[in-house]
Amino acid sequence: MAEEDDRLFRLATWTISEILQKKSGGQVIDRIFMSSVLHDLQKLKFESSLDQKQLAGAAIIVSARVVLPRLSLNEKAEVCQFYKEGLFLLTTFEGLPDFRWKTIEPLFHMYLEAIPQCETAIMARDFFNMLVWILEKLAISPTVCEDLYSFRSCITIGRVFHNVLEIMGKPNLDLILRKTAVNFLSRIIRQCPPGGAPAVSLFVSGLLGGLTRIMTQKTTNASVITDLLAIFKNAVLLTFSNGAEKFDETKINLEDYPTEMHYVFKNQNEEWKEARAGHIKHYLEKLLALFVIHRNDGVRFEMCEAVIEIQEQCGEVIREELYGILLSMHMHLKYDDFEKFRKISEHCLALVDSKRIRDDFFYKQLDLQITRLPVETRSGNGNRSLSVLAALLDGLGPNIRLMCTSGSQTMELLLRSLADSIEINLKQLMIIGDVPLNSVSEAMQRYKLMHNINSSQVECVCEMLARHGGIEIIAMVQQLIKSESPKKQSTYHVLLGHLLGALNPENIPSDDPIVVMLAEYMIKETNRSCLIRILDDSKPHTTDNEMDVDMIIESLSLINLALCMRFTKKNANRTHISTECLCTILIQTNSKVWIVQEAAAFSLKVIAVDSNQAVTDLISMYSSHILNRVSVACSSSINYHLAPVLMIAYLQNGQVSYQFDVIKVIVEKMLYALDTNKQKYTYSLLRALNEFMFALNKDYPDHQPLPPMGDPEEDQKDRPTPQHILVEKILLRTKHMLSTDHLPVQLLCLELLKGGLELLKHYDDMLLPMIHQNWAGLMTIAGRKDPNSFVLMLDVVVFMAELSGDFVHNKILKELYPLVEANYRELMSRGLSKNTPSYESAKKTIKSIPRLIVYSKMSEEDAKKTYYTLLDESDVVYSPLTIYRDAEKYKMDQYFESGKISFS
C-alpha cells in the first residue's frame, strides 16, 4: 500500500493511540480534540478508497475494547461520533476477515450499559443512535447478525431488553428519548433471523411482561403504546408462531456456554413451555381491558391486530387460550362507530370455531352485564354497556327465543336491569325541535334519557331482543309493566315501543294470542291512563308546562297502541280492535298536554302509513264505527263526556260530507243535551258544534240553496239544503248563550255564530232572521265592555254588515254606536300598553269603523255625526294607536271624496 493511500488508516490509529496516551497521562478527552479529529476524518474519507475506508473503520471499531473501558461517561459521549464515523466507513461487516459479533460486541455493550447512567436525554439519544447504526450494519451483514442472535451472544439480547425496559419504565423521561428507545427495541425484534428465535425466546417472557407494565402506565403516550403493541406482537410471532424454530434443550451442551447461561437454559423446561400460552393470555387480557375501548383509534386498531395475528399464526402454541379475548373484542367492537372495527369484530368471532365456548362466554358475560348495567349507566358508561349487551344478545341468537319461551329468570332480570338503567329526562323533553316525526325511531328519540344514554343504543338492544326473542319478549314486558310503579312503567313503555317497532308483522301470525291480548291490554290501559280533561261548564282546563311521569306514559301508550295495530291486519277481530285503537288515539289528538297531542298525531300517521292511506282516508274508512261510538256515548249516562271529544277529533281528521246524515243525528243529540243537561259539559258540546261548523264550511264552501220546485215561471223561493236547516237549528239553540257570564262559552258562541252566518250567506231567508235573533246577544256583549269578547263581537258585526248590507244599518247606527263610543272613550282615557287586551280592543274598534260605515251603506252625514268622530279627534298626548287612527281616517276621507275604498 502506497504511503499516500493509508492516511485515513494512520489517522484512525493515531487518534486511538492519542486517546490512550491522554488517559494514561490523566488528561480528559475533550470536545476540541475530538472535533479536530472528526474534521480530518471527514476530509480524508472522501479522498480514500473503499478498502482504506474498510480498514480504518475496522480499526476504530476494534479499538472500542481497549478505549471505552478507560473513558468516563462524558468522554464516551465525546468519542461517540468518532465511532459513528467508524461505522460509516464500513460498508458491511461481511468483507472483513474473522469479523464476528464478538468484534463489535464491546462497542455495543459499552454504550448499551451507559444509557441508564446518562445525565441528559440528548446524551442518551446519541447513544441509542449509535446502537441503531450498528443494527443497520447488521442488517446487511447476515453472518454477523446470526452471530448476535445465537445462544453464545444471547446475553446481549437480554441486556437490551432489560436496559430499554428500564428506560421506558421512567415516565418522566423525554418523550423523544422514549420513542428512540422504542425504535431501537423494534429493530432488535424485526432484524432477528428465523434461526435466532430460540435465543430471543429465552428472554421473551420478561420482555412481554415489561412491555405490558409500561403500556398500562397512565402516563404512557398513545403513539408509544401503538409502537409497543407492535413490538409485543412481533416478539410473540417471532418466537411462538407455528413455523418458528423452537428452543430444544436436547440440542444444548451446557459446557459450550458461559456459566451464567446455564440457569437460563435450565429454566426453559416443560412447565415453562406449558405456561407460556397462559402468560401471553394474561398479558393480553390486561392490555385488552385498557385498549379495546381506548380513545385513540390507532391504539385500538394495533391491539386488535395483535390479538388476531397471534391467534392466526400461533395456533399450535396458543390453541384456545385467546378465545375469551377474541370474544371480548367481538362484543366491544360489534357496534363500533367505525366500519373497520366492526369488520374486526366479525373476524374475531369467526376465529372462535367452538360453539360451546362461544355460548358459555356469552351466557357468563350476559349475567355479568345484567348486574353491572345500572351501575355502569350511572357512572356515564351506559352507551358502551348497552352496545356490549346488544352484541351478547346477537351472539346468543336462537337461545334468546328459548329463554323467552321458557320464562327464563335471566331474561326477566335483563328487562328489569334495562328498566333500572333507563330513565327519561323530563327536563329535556321541552328541548326538542318542531320537525315532523317520520319514523318510530325519531319518535322514541324525542324522549331524552338520563345519564347521556343515546336512544339509538337502547333501540339496538331492543332490536336484538325482538329479532331473536320474537313476540314472546313482548309478553314478558307486558307482564312486568302491570306490577311496576308509574316511573318504571314509563321505562317499560320505552322498551315496548322499540320492541314493537323492531318486530316484523309478516313473521308473526295475526291470530297469535299475545298480539290480541297486548292490543286489548294497551287499549284498556291507555283509556285508563289518558285522562280526559274536561270540566263542567267552566274554563278550559290548562296544564303546567312541567312534564310528569303520567304524561310520558300517556304519550308512549299512544305510540305503542298504534304499533300494536300493525299486527292485527288479518285478524278476524280486526274491526273491533282497530276501532277501539283509533278512538282511543283520536280522543288524545285534542289533549291539552302537547307531548300527548303530538304522540296521538304521530300514532295516526303510523297507522295511516301502514295502511297505505292518508289520515283522512283512514278515518273515513272507519267513520261509521267511530261515529257509532260517538252516537252511543251521546246517549250514555256514564261516558257522555267522551262524545264531544271524540266528535271533535273525528271532525278535525275526517270529512263531514262522507257521513253527513249520521253526523246530523249526532249534532241533534248534542243540541238536545244543551237544552236538557242543565249546562253540564256545555263548553265541550259547544266546542264540538263549533268544530262541526268549521268542517261544514270547509266541505261545503259557498254553499248554495236548492232551486225552487214546481213551475220555474212562477215566482218561487229557493229551498234550504239539509245543511242550512241544521245550521239554523244550531244558531237558534245557542243564541241565548251569547249572554252568558262565562267568557270561554261566550267566545265559542261568537265563533259558532260567525261560522253559521258563513254557511247561510247565500240564503237570505235564513241569514237575515239569524242576524236579527242573535243581535240582542251581541249588544249584551258590547255593553259589558270585556276587551276579550268585544274584539270578536266587532268581527261578527262587521261580517253581518258585509253579508246583509243595509239590513243592519239602523242597528249599527242607533244600537251599536253608543256602546262602541262609550267603550272606546273609556279605553282611550286610560294609559294603554301594547299587547294587552284593552289595547287590542281599541285597535280593533279603530280598524272596524270604516268597514261598519261602508258595509252598512251609512251616509256621509250619519257617519260624520257618529263613527267618524272617533277617528277625527286628536289625542292631546301621542298614543301608540294614533298611526292606526290616522290611516283609517285617511281611508274614510278618500271614500267620501271618490266613493271608492279597499280593505286589505
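In the block above lies the structure referred to throughout.
On a predicted model such as this, the values are computed, not experimentally measured, just so you know.

Rules used in this analysis
- Residues numbered from 1 in each chain as written.
- Predicted model: local features only at pLDDT ≥ 70, side-chain atom pairs only at ≥ 80, totals over all residues.
- Heavy atoms only, no water.
- Disulfide = S-S within 2.5 Å.
- Core = buried A, V, L, I, M, F, W, Y, C linked by side-chain atoms within 4.5 Å.
- Buried < 20%, exposed > 50% of the residue type's maximum accessible area, 1.4 Å probe, protein only.
- Helix = DSSP H or I, 4+ residues; strand = E, 2+ residues; numbered from the N terminus.
- Contact = heavy atoms within 4.5 Å.
- Polar contact = N/O pair within 3.5 Å; in protein donor to acceptor, adjacent residues only side chain to side chain.
- Axes fitted to C-alpha atoms, helices over the stretch in contact; angles between N-to-C directions.
- Parallel < 35°, antiparallel > 145°, perpendicular 65-115°, else oblique.
- Nonpolar A, V, L, I, M, F, W, Y, C, P; charged D, E, K, R; others polar.
- Left-handed = near helix turned anticlockwise from the far one by under 90°.
- Expected span 1.5 Å × (residues − 1).
- Arc of directions from axis to C-beta.
- Salt bridge = Lys/Arg side-chain N within 4 Å of Asp/Glu carboxyl O.
- Lys, Arg positive; Asp, Glu negative; His and termini not counted.
- Phe/Tyr/Trp six-rings, centres within 6.5 Å; stacked < 30°, edge-to-face > 60°.
- Lys NZ or Arg CZ within 6 Å of the ring centre and 35° of its normal.

(A) Representation of the state of the cysteines. The full count for this structure, using the stated rule, is zero disulfides. Here Cys348 stays free of any disulfide, with the sulfur of Cys304 as its closest cysteine sulfur at 6.2 Å. For the unlinked cysteine Cys460, the closest cysteine sulfur is that of Cys462, found at 9.4 Å.

(B) Molecular detail of the nonpolar core. Core analysis: the largest hydrophobic core is formed by 319 residues, its most contacted members being Tyr83, Phe184, Leu465 and Leu816. Considering every element that reaches this core, the biggest residue donor is helix 19 (residues 355-396), with 14 residues. With near-sequence residues (within four places) excluded, Leu816 lies in contact with Trp775, Met779, Ala782, Met793, Val797, Lys811, Leu852 and Tyr867.

(C) Molecular detail of the environment of Ile325. Mapped onto the elements of the fold, Ile325 is located in helix 17 (residues 323-333). Owing to a relative accessible area of 3%, Ile325 belongs among the buried residues under this scheme. Taking C-alpha positions, Ile325 is 7.9 Å from Lys281, a pair spaced 44 residues apart along the chain. Sequence-distant contacts of Ile325, that is, excluding residues within four places in its chain, are made with Lys281, Leu284, Glu285, Leu288 and Val307.

(D) Structural detail: the environment of Ser631. Mapped onto the elements of the fold, Ser631 is located in helix 31 (residues 623-634). Remark: the alpha-carbon pair of Ser631 and Val667, spanning 36 residues in sequence, is separated by 9.3 Å. Look past the residues within four positions of Ser631 in its chain and what remains in contact with it is Ile666 and Lys669. Among the polar contacts made by the side chain of Ser631, one reaches the side chain of Lys669 at a distance of 2.8 Å.

(E) Geometry of unusual backbone geometry. With phi around 60°, Asn452 is a residue other than glycine that occupies positive phi space. Overall, the relative accessible area of 71% leaves Asn452 in the exposed class. With a phi angle near 60°, Lys785 is a residue other than glycine that sits in the positive phi range. With respect to the secondary-structure elements, Lys785 resides in the loop between helix 37 (764-784) and helix 38 (787-804).

(F) Region of interest: the packing of helix 35 (residues 722-734) against helix 37. Here helix 35 crosses helix 37 at 5°, and the two axes come no closer than 11 Å. Judged by the inter-axis angle, helix 35 sits roughly parallel to helix 37. For the pair formed by helix 35 and helix 37, the contact residues are His724, Ile725, Glu728, Leu731 and Leu732 on the first element and Met766, Met770, Gln773 and Asn774 on the second. Counted by class, the contact of helix 35 with helix 37 contains five nonpolar, three polar and one charged residues.

(G) Expanded view of the side chain of Asn823. Structurally, Asn823 is set in helix 39 (residues 809-828). In this structure Asn823 comes out as buried when scored by relative accessible area, which is 2%. In this structure Asn823 touches Lys785, Phe790 and Ser841, once residues within four positions along its chain are discounted.

(H) Highlighting the packing of helix 11 (residues 197-215) against helix 12 (residues 222-240). Put simply, helix 11 and helix 12 touch, their axes get as near as 9 Å, and they point 155° apart. Between helix 11 and helix 12, the angle falls in the class roughly antiparallel. Crossing hand, helix 11 versus helix 12: left-handed. For the pair helix 11 and helix 12, the contacting residues are Ala197, Val200, Ser201, Val204, Leu207, Leu208, Leu211, Thr212, Ile214 and Met215 in the first and Ile225, Leu228, Leu229, Ile231, Phe232, Ala235, Val236, Leu238, Thr239 and Phe240 in the second.

(I) Layout of helix 35. In this model helix 35 runs 19 Å from its N-terminal to its C-terminal C-alpha over 13 residues, within 8% of the 18 Å that 1.5 Å per residue would give. Along helix 35, the residues classified as buried are Gln723, His724, Leu726, Val727, Ile730, Leu731 and Thr734. All buried residues of helix 35 fall inside an arc of 165° around its axis, so they share one side. If you follow the buried residues of helix 35, they end up packed against helix 33 (660-676), helix 34 (682-699), helix 36 (743-760) and helix 37.

(J) Up close: the pattern of salt bridges. Taken as a whole and assessed by the stated rule, the structure comprises 37 salt bridges. Residue Lys785 pairs with Glu826 through a salt bridge whose shortest N-O separation is 3.2 Å. Note that Lys785 is positioned in the loop between helix 37 and helix 38 and Glu826 in helix 39, a separation of 41 residues in sequence. Classification of Glu826 by relative accessible area gives partly exposed; the value is 32%.

(K) Focus on the environment of Lys233. You can see Lys233 is positioned in helix 12. For Lys233, a relative accessible area of 11% corresponds to the buried category. Expressed as a C-alpha distance, the spacing of Lys233 and Cys348, which sit 115 residues apart in the sequence, is 16 Å. At 3.4 Å, the side chain of Lys233 forms a polar contact with the side chain of Glu309.

(L) Quick look at the side chain of Lys811. In this structure, Lys811 sits in helix 39. For the buried Lys811, which has no salt bridge, the nearest side chain bearing the opposite charge is Glu815, at an N-O separation of 4.5 Å. Only 3.4 Å separates the side chain of Lys811 from the side chain of His772, close enough to count as a polar contact.

(M) Representation of the packing of aromatic side chains. Summed over all chains, the structure comprises 15 aromatic pairs. An aromatic cluster of three or more residues is present, and its members are Trp101, Phe108, Phe128 and Phe184. The side chain of Lys22 reaches across the aromatic face of Phe33, ending 5.0 Å from its centre. A cation over an aromatic ring shows up here: Lys754 above the ring of Phe799, its NZ or CZ 5.8 Å from the ring centre.

Functional significance is not addressed by these values, which are geometric in nature.
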